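# Summary of the model geometry
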Amino acid sequence: MTGRGRLALVVGGAVALVVGSVSPWATFAGFPGKMSLGGFPGGARLFALLLAAAAVLGLVDIAGRRRALLAAGLGAVAVIGVNGVALVDQGGGVGGVAWGAWLALAGAGLLVAAARALPAEPAAELRPRVPAVAEVAALCAGLLILLGTVVWALRINESSRFVSFLVFVATVAVVAHHLGLFAWLSELSDRHRRTVVLASAAVAVAFPFTQQGNAYWIRVFASIGVFAVAAIGLNVVVGLAGLLDLGYVAFFGVGAYVGALLANASLTTVHVHVPFVLVIFLGGGIAAAFGLVIGAPTLRLRGDYLAIVTLGFGEIFRITANNWDGLTRGPNGISGVPDLHAAGVNFGEAHTVLGVSLPGFANYYFLELVLLAAAILVFTRLNDSRIGRAWVAIREDELAAAASGVDTIRLKLLAFAIGAFLAGCAGTVNAHVTTQVSPDSYTFLESILLVAAVVLGGMGTVPGALLGSAALFVLPEKLRSFQDKRLLLFGAALILLMRFRPEGLVPSRRRQRELREEAPEGLPGLAGATGAPPGSPVG
Amino acid sequence: MSTTLLDVRGVTKRYEGLLAVDGVDLGVAEGEILGVIGPNGAGKTTLFNCLTGLEVPTAGEIRFRGSVLGGRPDRFTRAGVARTFQNIRLFPHMSAFENVLVGRHCRTHVGIASAIGRGPKFRREEGESRAKAEELLDFVGLRRSAGAMARNLSYGDQRRLEIARALASEPGLLLLDEPRAGMNAQETRAAAELVRRIRDRGVAVAVIEHDMRFIFGLCDRVAVLVQGRKLVEGTPAEVQADPRVIEAYLGAPTG
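Residues numbered from 1 in each chain as written. Chains lettered and ligands numbered in written order. Predicted model: local features only at pLDDT ≥ 70, side-chain atom pairs only at ≥ 80, totals over all residues.

### Description of the overall build of chain B
The number of helices and strands found in chain B is 10 helices and 10 strands. Relative to the globule expectation of 18 Å for 255 residues, the C-alpha radius of gyration of chain B, 19 Å, shows essentially globular dimensions. When the backbone C-alpha atoms are referred to their principal axes, chain B occupies close to 75 × 40 × 40 Å. In chain B, buried positions account for 49% of the 255 residues. (Helix = DSSP H or I, 4+ residues; strand = E, 2+ residues; numbered from the N terminus. Rg over C-alpha atoms; globule rule 2.2 N^0.38 Å. Buried ≥ 20, exposed ≤ 12 C-beta atoms within 10 Å, placed from the backbone.)

Shown next as structure tokens:
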């Protein structure tokens, strides 16, 4: 196709998409974002409008533009499609969709066509030469944009608009990826590691101040924090040591019961109150002890067998908790767990800091941040030591690791115990956050969700575990109007993700290599790594 | 003769319906290169597996530096017997450098508390491990490939990396299972040279190999295994001249 023809496609597509995005999408009133009115990009139309900006990629010559423009066009199609489905659903048929949506769809289609007409090209390598100050500024700006986006997104109440938003964010991420932006940012964050850690911490601390005293999302994020600590613990077991644990939530439950029983709850069986500083270590320690008890006989098993045994342990824990009335109060659980009192602070009270009133849950949120920081420290430092290297070696080739002098049983036990310890600590806090503990919180499904969070986010990385657990908590909250179909949608999203990005959202570099690279030709040596064990009697 | 490092007495490995290794006695002296040859299926690799804890012998005793070896493979490595594999078993997605560092595991002692706290002990030990790993990569000629992923190395480099990883555990005896398999003539000469240099570091070496010329040119002593039994043991010249060896390889003369 000639350059002029391509130009016509790009300009025509952009104009159609822009005009369509500020025109009515609904033929009936009442759809969120005043979609029946034209003249402004209300509701999800804004996302389609913003994606039209990607048309610039069709005009300038930069690396990666073909795939980026293609992604932007397809993303716009998806945004329009999501709203189209909602419009058809609520407007009683195709008649519910107004001309603006059709025009925008045509525009998006033209952009896709324009992208396909662009010549194929190698992947982008963004290496701008900028001073270190600008690099740090770019990183901080990126984190601030992240915070702003999260705060803004949490205020979106309509499910269709939130799904549109997710599609938009995913599209922008894919566009940025193809333009080489993420590769550059990750290189930058490697170089300015300390700054990134501090800035991330600052952003995390800043979050409650953006909620104007509203407790809802702070509470959700406190839960995410609990979940993320557990996910990082599971990441040690699954992501580093490569042991599939399908009953991991039981360790979390052990911690939660310890936390609830030792807090002198109103409906409990043990009437003692132990200081929380002790309880958190006790919860972690008891969970770790369970980990060792379960692990010692089972870690000699490999792969699938271990998964089955851990699954069984998870069920045993739940059933025991359900029936041991004398200790756990059976299905009623322990309830009325009081608010924490630690370091002279009543965690249930609202506080005013710097003129901003923070609800009581902010205290738990901050406690979670501290716990999370500790978990991250444990994870990253162990990962980068002889212990972490031995875990990865076990995952890569257990027999070769043993022959290289790694005490595999001991190290697998250690991974199991550390994972359980972190889950137990998280559990003790969770008992206070949820104020009650009952067996139905620790089902097989929860274990699966934890594994999903780790796999979805990216095995063996901290950001992966954080992102995975955040997604697992926020998505169901935001997709409430889909009710029972939530898990269905969630499962579908998981399948799509595993199909197109098997290494997870934020993969470790090593894991990415494992999943993406084809075995190079002429290297038969490592084919034997998964081949017959050397114990075969031929020799 | 110098002191005995490895002393194998009557090691037997019996699988259901198959006697893979049958009462083998074997000794390796300090600073020695021992060759183990034999036709396919003679039990060479099974014998090595017994000597490194990958298989538990049905009978017999293995002594290293006077004490009896047993238990899981890492115990053998810790005691000072390291090995490489016939079908190379590296950690494919770790870098060459990391592969060697894993080999340091049993000679380092930092625990979780120290690894998290990053105290002076951690920094010293980690620094020593890294220096040692660099030195070993240099020794086998892989200095420039330190950052490369193990699976992306060439076949010969993978074999050399496996040797570096084994040497990282500071063994007294290194067992090489067919170190020249798949190598051309030039690489084979380099491999023989490397084995000699390992011996010069004070590490005794036992080599399984099919290539007679390689073995007879390299080893101080050669043991011949046939159908799980040790047929002959002696200097290369003695073994080469022994009619039983010729018979085992070529078959008995008829008529």
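### Observations concerning the domain arrangement of chain A
It is common to give the size of an interface as the accessible area lost on bringing the parts into contact. Splitting chain A by domain gives domain 1 (3-194) and domain 2 (225-346 + 357-529). Centre-to-centre, using C-alpha coordinates, domain 1 of chain A lies 35 Å away from domain 2 of chain A. (Domains from an automatic or database assignment.)

### A short note on the interface of chain B and chain A
In this assembly, 49 residues from chain B lie in contact with 39 residues from chain A. Mapped onto the side of chain B that touches chain A, the elements with two or more residues apiece are strand S2 (18-29), helix H1 (44-51), helix H2 (73-79), helix H3 (96-103), helix H4 (112-117) and helix H6 (155-168) of chain B. Here the residues of the side of chain B that touches chain A are counted per class, giving 20 nonpolar, 17 polar and 12 charged. (Contact = placed C-beta atoms within 7 Å. Nonpolar A, V, L, I, M, F, W, Y, C, P; charged D, E, K, R; others polar.)

### As for the confidence of the model for chain A
Per-residue pLDDT for chain A has a mean of 79; in total, 88% of the residues score no lower than 70. Below pLDDT 50 for its whole length, residues 518-539 of chain A participates in 37 contacts with residues either more than four positions away or in separate chains. (pLDDT = per-residue confidence, 0-100.)

### Examining the nonpolar core
Considering soluble globular proteins, one finds that nonpolar side chains tend to be buried as a cluster. Residue and element names in this part refer to chain A. Judged by nonpolar contacts, the single largest core of 186 residues is most densely connected at Val-229, Ala-230 and Ala-415. When residues of this core are assigned to their parent elements, the largest contribution, 17 residues, is made by helix H9 (residues 216-240). Among all residues touching Ala-415, those that are not within four sequence positions of it are Val-236, Val-237, Leu-240, Ala-241, Leu-243 and Trp-391. In this structure, Val-10, Ala-54, Leu-87 and Ala-114 belong to the second largest nonpolar core, which totals 54 residues. (Core = buried A, V, L, I, M, F, W, Y, C linked by C-beta atoms within 7 Å.)

### Details of the sheet that holds strand S7 (residues 173-177) of chain B
Residues and elements named next belong to chain B. Taken together, 6 strands build an open sheet; the order of strands is S6-S7-S8-S3-S9-S10 and the sheet is mixed. The open sheet has two edge strands, strand S6 (81-83) and strand S10 (229-234), and neither has a second partner. Each neighbouring strand pair of the sheet contributes to a mean axis angle of 20°, computed without reference to strand direction. Together, strand S3 (33-37), S7 and strand S8 (204-208) form the strand contacts of helix H7 (residues 185-200), whose direction differs from that of S8 by roughly 150°. (Pairing = 2+ DSSP bridges. Axes fitted to C-alpha atoms, helices over the stretch in contact; angles between N-to-C directions.)

### Some remarks on the packing of helix H2 (residues 45-52) of chain A against helix H3 (residues 65-91) of chain A
Residue and element names in this part refer to chain A. Where H2 meets H3, the closest approach of the two axes is 9 Å, and the angle between their N-to-C directions is 165°. Classified by the angle their axes make, H2 and H3 are roughly antiparallel. Between H2 and H3 the crossing geometry is left-handed. The residues of H3 that touch H2, namely those facing Phe-47, Ala-48 and Leu-51, are Ala-72, Gly-75, Ala-76, Val-79 and Ile-80. Tallied by class, the residues present in the contact of H2 with H3 amount to 7 nonpolar, 1 polar and no charged. (Parallel < 35°, antiparallel > 145°, perpendicular 65-115°, else oblique. Left-handed = near helix turned anticlockwise from the far one by under 90°.)

### Overview of unusual backbone geometry
Residue and element names in this part refer to chain B. One non-glycine residue, Arg-65, lies in the positive phi region at around 50°. Looking at the secondary structure, you find Arg-65 in the loop between strand S4 (59-64) and strand S5 (67-68). Residue class for Arg-65 comes out partly exposed when judged on the 16 C-beta atoms lying within 10 Å of it. You will see that Glu-178, though not glycine, has its phi angle at about 50°, which is positive. Checked against the element boundaries, Glu-178 lands in the loop between S7 and H7.

### Some words on H2(A)
All names here are of chain A. Taken across its 8 residues, H2 has 6 buried, putting it largely inside the fold. Of all the positions in H2, only Arg-45, Phe-47, Ala-48, Leu-49, Leu-51 and Ala-52 are classed as buried. Next to the buried residues of H2 lie helix H1 (3-21), H3, helix H4 (99-117) and helix H6 (159-178).

### Let's talk about the sheet that holds S2(B)
All names here are of chain B. In spatial order, the strands read S2-S1-S4-S5; together these 4 strands make up an open sheet with antiparallel pairing. For this open sheet the edge positions go to S2 and S5, each flanked by a neighbour on one side alone. In the sheet, strand S1 (residues 4-15) pairs with S2 via 8 bridges, with the strands oriented antiparallel. In the strand pairing of S2, Leu-6 is matched with Val-28.

### Description of the packing of helix H5 (residues 132-154) of chain A against helix H8 (residues 193-206) of chain A
Residues and elements named next belong to chain A. In contact at an axis separation of 10 Å, H5 and H8 are set at 25° when each is read in the N-to-C sense. The angle between H5 and H8 falls in the class roughly parallel. Relative to H8, the crossing made by H5 is right-handed. Only Thr-195, Val-196, Ala-199, Ser-200, Val-203 and Ala-206 of H8 make contact with H5, whose side of the interface consists of Val-136, Leu-139, Cys-140, Leu-143, Leu-146 and Leu-147. Split into classes, the residues belonging to the contact of H5 with H8 amount to 10 nonpolar, 2 polar and no charged.

### Some remarks on the environment of A:Phe251
Residue and element names in this part refer to chain A. Looking at where Phe-251 falls in the secondary structure, it is placed in helix H10 (residues 249-261). Take Phe-251: there are 38 C-beta atoms within 10 Å of it, and that puts it in the buried class. Considering only alpha carbons, one finds Phe-251 and Glu-187, 64 residues apart in sequence, at a separation of 36 Å. In this view, Phe-251 contacts Ala-287, Phe-290, Gly-291, Ala-420, Ala-423 and Gly-424; residues no more than four positions away in its chain are not counted.

### Concerning the pairing of strand S9 (residues 221-226) of chain B
Residue and element names in this part refer to chain B. Burial analysis of S9 places 5 of its 6 residues in the buried class, which makes it a mostly covered element. In the sheet, S9 pairs with S10 via 5 bridges, with the strands oriented antiparallel. Paired with Ala-223 across the two strands is Glu-233, which belongs to S10. Hairpin connection between S9 and S10: a loop of 2 residues separates the two successive antiparallel strands, and Gln-227 in this loop has a positive phi of roughly 50°.

### So, the confidence of the model for chain B
Mean pLDDT for chain B: 88, with 97% of residues reaching 70 or above. Of the two predicted TM-score estimates for the complex, the pTM is 0.83 and the ipTM is 0.91.

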